[in-house]
Amino acid sequence: MADAVRKRRGGASAGAGGVVGSAMRIWIDADACPRDVKDVIYRASQRLSVAVVVVANSPIGTPLSPSITSVVVKGGPDVADDHIAAHAEKGDVAITQDIPLAARLVDKGVVAIDVRGTVYDADNIGERLSVRDFMADVRDSGVVTGGPKAWSPKDKQKFAAALDAALTRLRR
């Protein structure tokens, strides 16, 4: 695994990319995560005193907070995914648009949510992986499929509701 540069915020002692003493962490696969999604997460972190670990291939600005830790990984695009998969634990929440990463996390008991508010679980992740792989094959054959629709305020609202529901359930 590539070396990671860790930045601690506010003097809390950070372990493998998180704030020590926190029972639950929110992991952000941050390279392609919309700013509004990160803002929702940061507000939830402050409101509920939950640690957040922002993992990216390059530095990402974060609010100064003892509960927010940034991890910058060196290497290719899957290095951030590998870091999250290696360090996230059962009972954590991870925000990612990467379906293979979500599958790895679901297998570990981590709640995986995409930026549009879809919660991945054992019941739906296999289908999501199949569709993703099928669409990759279609694109590889030369068919132009277009991209996802633009991220919208409705997506932000759905994401916020899914995150709140997951955090409420996990904190019980």
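Treat the numbers as computed from the prediction; the structure is a model and nothing was measured. (Residues numbered from 1 in each chain as written. Predicted model: local features only at pLDDT ≥ 70, side-chain atom pairs only at ≥ 80, totals over all residues. Heavy atoms only, no water.)

1. Section: the confidence of the model for the protein
When pLDDT is averaged across the protein, the result is 83; 79% of the residues are at 70 or more. A low-confidence stretch, residues 1-22 (pLDDT under 50), is modelled with 58 contacts involving residues beyond four sequence positions or located in other chains. (pLDDT = per-residue confidence, 0-100. Contact = heavy atoms within 4.5 Å.)

2. Let's talk about the environment of Thr69
As for its position among the elements, Thr69 is in strand β4 (residues 68-73). You can call Thr69 buried: its relative accessible area is 2%. Taking the C-alpha atoms as reference points, Thr69 and Trp27, 42 residues apart in sequence, are found 9.7 Å from one another. (Helix = DSSP H or I, 4+ residues; strand = E, 2+ residues; numbered from the N terminus. Buried < 20%, exposed > 50% of the residue type's maximum accessible area, 1.4 Å probe, protein only.)

3. Concerning helix α3 (residues 99-108)
Those residues of α3 that sit buried are Ile99, Leu101, Ala102, Ala103, Leu105 and Val106. Two or three places before Leu101, at the opening of α3, Asp98 has a side-chain oxygen 2.7 Å from that residue's backbone nitrogen. Count one or two residues on from α3 and you reach Gly109, which has phi positive near 90 degrees. (Polar contact = N/O pair within 3.5 Å; in protein donor to acceptor, adjacent residues only side chain to side chain.)

4. Description of the environment of Ser67
Along the chain, the position of Ser67 falls in the loop between β3 (51-56) and β4. On the basis of relative accessibility, which here comes to 12%, the residue Ser67 falls in the buried class. C-alpha of Ser67 to C-alpha of Ala51: the two residues are 16 residues apart in sequence and 4.6 Å apart in space. Reaching out from Ser67, the side chain makes a polar contact with the side chain of Gln46 at a distance of 3.5 Å. A polar side-chain atom of Ser67 sits 2.9 Å from a polar atom in the side chain of Ser65.

5. Details of the nonpolar core
The biggest cluster of nonpolar side chains holds 27 residues, and the ones touching the most others in it are Ile41, Val93, Ile95, Ile113 and Leu163. Elements with a contribution of two residues or more to this core: β2 (25-29), α1 (35-48), β3, β5 (93-95), β6 (111-113) and α5 (153-171). Looking at this core, the element that brings in the most residues is α1, giving six residues. Contact partners of Ile41, with chain neighbours within four places excluded, come to Ile26, Ile28, Val52, Ile95, Phe159 and Leu163. (Core = buried A, V, L, I, M, F, W, Y, C linked by side-chain atoms within 4.5 Å.)

6. Some details on the side chain of Arg116
Within the secondary structure, Arg116 is located in the loop between β6 and β7 (119-120). Not counting residues within four places of it along the chain, the set of residues in contact with Arg116 comprises Pro148, Lys149, Ala150, Trp151, Asp155, Lys158 and Phe159.

7. Quick look at the pattern of salt bridges
Under the defined criterion, the tally for this structure stands at five salt bridges. Of the charged contacts, one joins Glu89 and Arg25 as a salt bridge, the two residues approaching to 3.9 Å between their closest N and O atoms. One end of the pair, Glu89, is in the loop between α2 (77-87) and β5; the other, Arg25, is in strand β2, with 64 residues separating them in the sequence. Among the residues examined, Arg25 registers a relative accessible area of 11% and is labelled buried. (Salt bridge = Lys/Arg side-chain N within 4 Å of Asp/Glu carboxyl O.)

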